[in-house]
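The residues making up each chain are set out below.
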Amino acid sequence: MDKVFDQLEGLVERFEELQEMMSDPEIISDTPRYLKISKEAASMQEVVEQFQKYQQLKSDIAESREVLSESHDAELEELAKEDLAEMEPQLTTIEEKIKLLMIPKDPNDDKNIIMEIRGAAGGDEASLFAGDLLNMYEHYAENQGWKFEIIDETKTEVGGFKEVAIMITGQNVYSKLKFENGAHRVQRIPATESAGRVHTSTATVAVMPEYDEVDLEIDPKDIRVDVYRSSGAGGQHINKTSSAVRMTHLPTGIVVAMQDQRSQQQNREKAMQILRSRVYDYYESQNQSSYDAERKQAVGTGDRSERIRTYNYPQNRVTDHRIGLSLNKLDKIMGGQLDDVIDALILSDQTQKLEQIQDGSTKLY
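Residues numbered from 1 in each chain as written. Predicted model: local features only at pLDDT ≥ 70, side-chain atom pairs only at ≥ 80, totals over all residues. Heavy atoms only, no water.

### Points about unusual backbone geometry
Link 1 in the chain: Its identity is not glycine, yet N172 carries a phi of approximately 55°, on the positive side.
Link 2 in the chain: For N172, a relative accessible area of 32% puts it in the partly exposed group.
Link 3 in the chain: One non-glycine residue, N316, lies in positive phi territory at about 50°.
Link 4 in the chain: Within the secondary structure layout, N316 lies in the loop between β9 (309-312) and β10 (317-320). (Buried < 20%, exposed > 50% of the residue type's maximum accessible area, 1.4 Å probe, protein only. Helix = DSSP H or I, 4+ residues; strand = E, 2+ residues; numbered from the N terminus.)

Shown next, in the form of structure tokens:
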């Protein structure tokens with residue numbers, strides 16, 4: 001922990017500097033600057049308080065140990081022993097709490113998400129599996145008390161999905177579902193398989209934080225909007241009016257088509273929500289080459305060999321290949337009980353980030 005505490009001492013100095021700045025009349029009068037500084041200070045406050053408590057506790061423990069080693073008063077020694085018995089476990093508890101507080105917070109963790117699920121390798125079976133994943137995430141969202149809304153879908157003749165886009169809103173949605181990015185592989189006997197052979201298929205899942213106009217303001221001149229008649233289900237009303245919308249962000253070439261809503265205005269709003277998230281995702285990647293590389297890494301091409309997780313139906317087993325986790329309760333997981341998988345992924349991510357802090361490769365501020 002020595003390297004970590006070296007960084008924490010620097011963090012305390014920065015916190016105290018920010019406190020002084022916040023009482024400067026010149027900064028107080030500059031509202032945007034004041035808000036930025038106060039936000040930075042607020043993000044540090046809890047870990048600084050815990051570190052100060054830790055330092056005080058260490059000092060008290062050292063004092064009690066000194067009494068034990070130097071005092072010849074039996075009563076004082078007994079009091080010192082009682083204090084140590086109480087304080088030493090507290091020190092360990094605070095140390096663990098500090099470790100968790102020091103892990104850099106993903107600024108997107110509290111955002112809602114747009115999730116896109118696509119049937120990939122495996123034809124009809126892949127589209128059916130995409131539908132099974134959709135149901136799994138819907139049940140999980142229900143368990144979490146989140147709102148789950150399908151905003152665009154392309155169904156297949158067998159009842160699956162070529163692709164489906166969902167908006168999930170609620171508390172800490174991105175923090176729990178961001179690790180679902182990638183290719184999901186299923187091994188099972190399709191209903192159409194007469195010989196009883198196990199087939200392997202894949203579906204890809206993409207998870208993007210939902211960004212609003214505050215996060216990213218897109219110049220209207222950079223968007224080309226085309227309207228056309230919907231070709232999907234919906235009756236004569238939809239087919240007779242140009243309610244479908246295609247938005248193209250000219251600087252990046254990103255295209256979003258939306259025809260799932262009843263009116264052109266609704267399609268415009270949904271298309272803009274998806275477009276904003278995709279464009280933000282693009283700009284965060286700096287350039288097209290890194291964007292392509294990151295999206296390929298995150299979503300995969302859908303090839304059977306590119307997988308983050310395997311769902312083995314004959315053995316009722318789910319395996320997450322990134323952390324080597326296997327659970328023999330596929331039926332419960334497909335029913336939305338994803339907590340064991342997601343909690344393990346979060347813990348693995350936290351452990352990795354903490355190791356980076358301890359070896360000095362990640363700075364706290």
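### A word on the sheet that holds strand β7 (residues 244-249)
Paired through their backbone hydrogen bonds, the strands of a sheet run either parallel or antiparallel.
Link 1 in the chain: With antiparallel pairing, three strands are arranged side by side in an open sheet as β6-β7-β8. Looking at which strands have only one partner, the edges of the open sheet turn out to be β6 (223-228) and β8 (254-258). Mean inter-strand twist for the sheet, computed between neighbouring axes without regard to direction, equals 15°.
Link 2 in the chain: Looking at chain direction, β7 and β8 are connected through five bridges and run antiparallel. Opposite M247, over in β8, you have V256 as the bridge partner. (Pairing = 2+ DSSP bridges. Axes fitted to C-alpha atoms, helices over the stretch in contact; angles between N-to-C directions.)

### So, the packing of aromatic side chains
Link 1 in the chain: Using the criterion set out here, one finds two aromatic pairs in the structure.
Link 2 in the chain: Note on F129 and Y311: the rings are 5.4 Å apart at their centroids and 65° apart in plane angle, and the pair reads as edge-to-face. Of this pair, F129 sits in helix α5 (residues 124-144) while Y311 sits in strand β9, and the two are 182 residues apart along the sequence. For the pair F129 and Y311, a shared accessibility class is recorded, and that class is buried.
Link 3 in the chain: When the ring of Y140 is compared with that of W146, the centres are 5.6 Å apart and the planes differ by 80°; the resulting orientation is edge-to-face. (Phe/Tyr/Trp six-rings, centres within 6.5 Å; stacked < 30°, edge-to-face > 60°.)

### Some remarks on the confidence of the model for the protein
Link 1 in the chain: Averaged over all residues, the pLDDT of the protein equals 81, while 83% of them reach at least 70.
Link 2 in the chain: The weakest mean pLDDT in the protein belongs to helix α7 (residues 235-240) at 44; the strongest belongs to helix α10 (residues 330-334) at 95.
Link 3 in the chain: A low-confidence stretch, residues 233-239 stays under pLDDT 50, and its non-local contacts, those more than four residues away or across chains, total eleven contacts.
Link 4 in the chain: The low-confidence segment residues 297-305 (pLDDT under 50) makes 25 contacts with residues lying over four places distant or belonging to another chain. (pLDDT = per-residue confidence, 0-100. Contact = heavy atoms within 4.5 Å.)

### Focus on the sheet that holds strand β2 (residues 147-155)
Link 1 in the chain: Pairing is mixed across the open sheet formed by eight strands, whose spatial order is β2-β3-β1-β5-β4-β9-β10-β11. Strands at the two margins of the open sheet, each flanked by one partner only, are β2 and β11 (325-327). Between one strand axis and the next, the sheet turns through 15° on average, direction left out of account.
Link 2 in the chain: Alignment of β2 against strand β3 (residues 161-169), held across eight bridges, turns out to be antiparallel. Paired with K155 across the two strands is F161, which belongs to β3.
Link 3 in the chain: α5 contacts β1 (113-119), β2, β3, β4 (182-188), β5 (199-209) and β9 of the sheet and is inclined by roughly 45° relative to β5.

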